[in-house]
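What follows is the residue order along each chain.
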Amino acid sequence: MLDSKIEGVTVLDGTGAPGFRTDVGVTGEAIVAVGDLSREPAGTTLRASGLTLAPGFIDIHSHSDWRLWANRRAESKIRQGVTTEVVGNCGFSPAPVNPAFREELRGFALYLPEGMDFSWQSVEEYLNRLDGGGLALNVIQLVGHGALRVAAMGFARRKPTESELAHMKRLVAESLEGGAWGMSTGLIYAPGSYAETEEIVELSRVAGRHRGFYASHIRGEGANLLNAISEAIRIGREAELPVEVSHLKAAGRPHWGQVKEALALINAARAEGLDVTADVYPYTASSTTLRTLLPGWVLEGGVEAMLQRLSDPATRGRIRAEVEAGRTGGENLAANAGWDGTMIAYAPSRPEAEGKRLSDLAREWGQAPLDVAMDLIVADRGKAYVVLFQLDEADLTVALADPHVMIGSDGSALSPHGELGRGRPHPRSYGTFPRVLARYWRDQRLLSLEQAVHKMTGLPAKKLGLKDRGVIRVGAKADLVIFNHKTVTDLATYEEPHRYPAGIEYVFVNGRLVIKAGEHTGSLPGRVLTPP
Ligand code: CU
Ligand code: ZN
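Residues numbered from 1 in each chain as written. Chains lettered and ligands numbered in written order. Predicted model: local features only at pLDDT ≥ 70, side-chain atom pairs only at ≥ 80, totals over all residues. Heavy atoms only, no water.

Turning our attention to the overall build of the protein. Of regular secondary structure, the protein possesses 17 helices and 21 strands. Relative to the compact-globule value of 24 Å for 532 residues, the protein shows a C-alpha radius of gyration of 22 Å, a close match. Looking at the protein as a whole, 64% of its 532 residues are labelled buried. Looking at the protein alone, contacts between residues at least 24 apart form 76% of all its contacts between residues at least 6 apart. The distance from the centre of the 59 positive side-chain charges to the centre of the 64 negative ones in the protein is 1 Å. (Helix = DSSP H or I, 4+ residues; strand = E, 2+ residues; numbered from the N terminus. Rg over C-alpha atoms; globule rule 2.2 N^0.38 Å. Buried < 20%, exposed > 50% of the residue type's maximum accessible area, 1.4 Å probe, protein only. Contact = heavy atoms within 4.5 Å. Lys, Arg positive; Asp, Glu negative; His and termini not counted. Charge placed at Lys NZ, Arg CZ, Asp CG, Glu CD.)

See below:
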């Protein structure tokens, strides 16, 4: 007797092969039968004719580390059909923790839910705590280079000493032995941005020896895009490990069109035998913390030190001069997006600013746009967010069409309810996967449905070395999404981001139904996954 049987469904197996109509049987955590099951008894039978079944989506680039603590139901992700999220990206992870720098790590965190007390030290300890509370979906953790650097040397803006570098290497090894699948960097975010390439190579070599991969928010996505891609490839070559270029884009109008050249560099590296791939989200706006528009030195010493600097008029003057002259020493968000392309997404202390552009706020408040920004950074102690309208649709379609580019949301598991439903966050947290299906398969036919699903399932599974997920076959784990291919669509917009998509009917995680007829069952069958 099967636990569950899905009858008469069109199966896309995740490999990119054409779909076929069949039945799928699930018992325990696994797919146990694919074929005619009309005579097999089952505990639950779903009649799914007219619907499409695929492996649960794998979000290769997520930042749910922080929100999952307050949202173990993983609402905005599971309702898209996401059954596994790769977290710990862009250099940010909640572990390891060195108690001597606990406050610095708290400042570095992207969000601080209740219960996230940083009382753990190792990644292993952290993951045990995360797993222990139950999760709607599976989690794959990366260790963030920013967190490693904070643990070894705080927000020091210099090269590590030999002993600090040795400390970081030990932490990489311990983190990968303790459950991390690789290391991420965020080379536009202090303190990760303070590192030279050699430091990353040294640490990546340790990660590679532990069969981990390297995911990078590269050192620049605007004027420095191609150099930054080359740096990521160099790290893969010298440290001998697979590379994932995170959220590929060309930021700022003068740099539009360069995604093609970025992909040419990536594809040349692949031709050389290196495992280099990339991911993308299907939107032309990006999002990050507001503090990222400040020059790198402002964060030296950490968020508290930054807040001190921002309260000093002379230092503010220096910041203003540097940002206006484009001398930020790294990515220049203000120049790429412009003040009228920079929308405040999250600023809980000044909710009236949320949803407004910095240029409009500047007029309303009678201040320079950068002063509005600096005031909001101070008011929310570095945790305010922006949405940046700085990308080109043509670049996005070039990225989506590349066979080695997969889908990653760069979002978090949010929920329309309570604290997590605040502000106007980027709609990608609610809409990424359905939007690729609706817009780039059904409306534009940029991708076939099989290709689109492959980019969300088999392709990331292969990159991760996940053998029993991302595919529909007997013996694989029953992480499944069943959607209506005629109606599936994202509904979240920049104006109204807290909206679930339509057309995602059923989602199974480890054999258990989490979404049933479009509603969350409250079930928490997910877990922290152990590296292969
Ligand atoms: Cu990211
Ligand atoms: Zn990033």
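Additional details are given in the paragraphs that follow.
For the protein, the assigned domains read domain 1 (2–55 + 469–488 + 499–520), domain 2 (57–283 + 391–464) and domain 3 (289–387). Its C-alpha centre places domain 1 at a distance of 28 Å from the equivalent point of domain 2. Listed as interface residues are 32 residues of domain 1 and, on the opposing side, 30 residues of domain 2. With both sides pooled, the region where domain 1 packs onto domain 2 buries about 2400 Å², and carbon together with sulfur makes up 65% of that total. It is Val488, Tyr500 and His520 in domain 1 that bury the most area against domain 2; as a group they hold 28% of the surface buried on that side. Across the domain 1-domain 2 interface, the total number found is 1 salt bridge. (Domains from an automatic or database assignment. Buried area = accessible area lost by both parts, 1.4 Å probe. Salt bridge = Lys/Arg side-chain N within 4 Å of Asp/Glu carboxyl O.)

Applying the stated criterion across every chain yields a total of 13 aromatic pairs. Consider the rings of tryptophan 69 and tryptophan 120, whose centres lie 5.3 Å apart with planes at 25 degrees: the pair is stacked. Taken together, the positions of tryptophan 69 in the loop between strand 6 (57–59) and helix 1 (75–78) and tryptophan 120 in the loop between helix 2 (102–108) and helix 3 (123–132) put the pair 51 residues apart, joining distant regions of the chain. Classification of tryptophan 120 as buried rests on a relative accessible area of 1%. (Phe/Tyr/Trp six-rings, centres within 6.5 Å; stacked < 30°, edge-to-face > 60°.)

So, about helix 3. Turning to helix 3, its buried residues are Val123, Tyr126, Leu127 and Leu130. Along the long axis of helix 3, the arc covered by the buried residues comes to 95 degrees, so they all point the same way. Exposed residues on helix 3 whose side chains face more than 90 degrees from its buried face are Asn128 and Gly132. Those residues of helix 3 that are buried are in contact with strand 8 (138–141), strand 9 (143–144) and helix 5 (162–177). At the exit of helix 3 stands glycine 134, carrying a positive phi of roughly 80 degrees. (Arc of directions from axis to C-beta.)

Let's shift gears to the sheet that holds strand 6. Spatially, 6-7-8 is the arrangement adopted by the 3 strands of the open sheet, whose pairing is parallel. The open sheet has two free edges, formed respectively by strand 6 and strand 8, since each of these has just one partner strand. The average undirected angle you get between the axes of adjacent strands in this sheet is 20 degrees. Sheet topology places strand 7 (residues 82–87) next to strand 8; 4 bridges connect them, and they run parallel. Residue valine 86 lies in a different strand from strand 8, and its bridge partner there is isoleucine 140. (Pairing = 2+ DSSP bridges. Axes fitted to C-alpha atoms, helices over the stretch in contact; angles between N-to-C directions.)

Right, let's talk about the pairing of strand 16 (residues 385–389) for a bit. A large share of strand 16 lies buried, amounting to 4 of its 5 residues. The pairing of strand 14 (residues 285–289) with strand 16 spans 5 bridges and is classified as antiparallel. Paired with serine 286 across the strands is leucine 388, a residue of strand 16. When strand 15 (residues 342–346) meets strand 16, the two strands line up antiparallel, connected through 4 bridges. Each bridged residue has a counterpart across the sheet, and for tyrosine 346 the counterpart in strand 16 is tyrosine 385.

Right, let's get into the sheet that holds strand 13 (residues 276–280). Across the sheet, which stays open at both edges, the 6 strands sit in the order 9-10-11-12-13-17 with parallel pairing between neighbours. A strand with exactly one partner marks an edge of an open sheet, and here the two such strands are strand 9 and strand 17 (405–407). As paired strands, strand 9 and strand 10 (residues 182–186) are joined by 2 bridges and run parallel to one another. Within the sheet, the bridge partner assigned to glycine 144 lies in strand 10 and is serine 184.

With that out of the way, let us pick up the coordination of the zinc ion (ligand 2). At this site the zinc ion (ligand 2) is bound by Cys90 (SG), His217 (ND1) and His247 (NE2), with donor distances of 2.1 to 2.2 Å. The sequence pattern describing where the donors of the zinc ion (ligand 2) fall on their chain is C-x126-H-x29-H. In this structure, the zinc ion (ligand 2) lies 2.9 Å from the copper ion (ligand 1), and both are coordinated by cysteine 90. One end of the pair, cysteine 90, is in the loop between strand 7 and helix 2; the other, histidine 247, is in the loop between strand 12 (243–245) and helix 8 (259–271), with 157 residues separating them in the sequence. Judged on exposure class, the residue cysteine 90 and its partner histidine 247 are both buried. (Donors = N, O, S within 2.8 Å, 3.2 Å for Na, K, Ca; no water.)

Next up on the list: the side chain of threonine 83. Tracing the backbone shows threonine 83 in strand 7. Accessibility expressed as a relative area gives 0% for threonine 83, which makes it buried. Sequence-distant contacts of threonine 83, that is, excluding residues within four places in its chain, are made with Gly56, Phe57, Leu137, Asn138, Asp479, Leu480, Val507, Phe508 and Val509.

Here the focus is the coordination of the copper ion (ligand 1). Donor atoms from the polypeptide that bind the copper ion (ligand 1) are His61 (NE2), His63 (NE2), Cys90 (SG) and Asp410 (OD), placed at 2.0 to 2.3 Å. Classification of the site at the copper ion (ligand 1) as irregular follows from its 4 donor atoms and the range of 84 to 162 degrees in their angles at the metal. For the copper ion (ligand 1), the donor residues sit on a single chain with the sequence spacing H-x1-H-x26-C-x319-D. Relative accessible area serves as the criterion here: at 8%, histidine 63 is assigned to the buried category. (Tetrahedral: all angles 85-135°; square planar, octahedral: opposite > 155°, others 65-115°.)

Our focus in this paragraph is the pairing of strand 13. In terms of residue burial, strand 13 counts as a mostly covered element, since 5 of its 5 residues are buried. Neither face of strand 13 is open: one carries Val276, Ala278 and Val280, the other Thr277 and Asp279, and all of them are buried. Pairing of strand 12 with strand 13, which is carried by 3 bridges, proceeds in the parallel orientation. Residue pairing across strands places valine 245 opposite alanine 278, the latter belonging to strand 13. Where the polypeptide runs from strand 12 across helix 8 and back to strand 13, its parallel neighbour, the crossover connection is right-handed. Pairing of strand 13 with strand 17 involves 3 bridges; the strand directions are parallel. In the sheet register, aspartate 279 faces strand 17, and the bridge partner there is methionine 406. (Right-handed = clockwise from strand over helix to strand, strands pointing away.)

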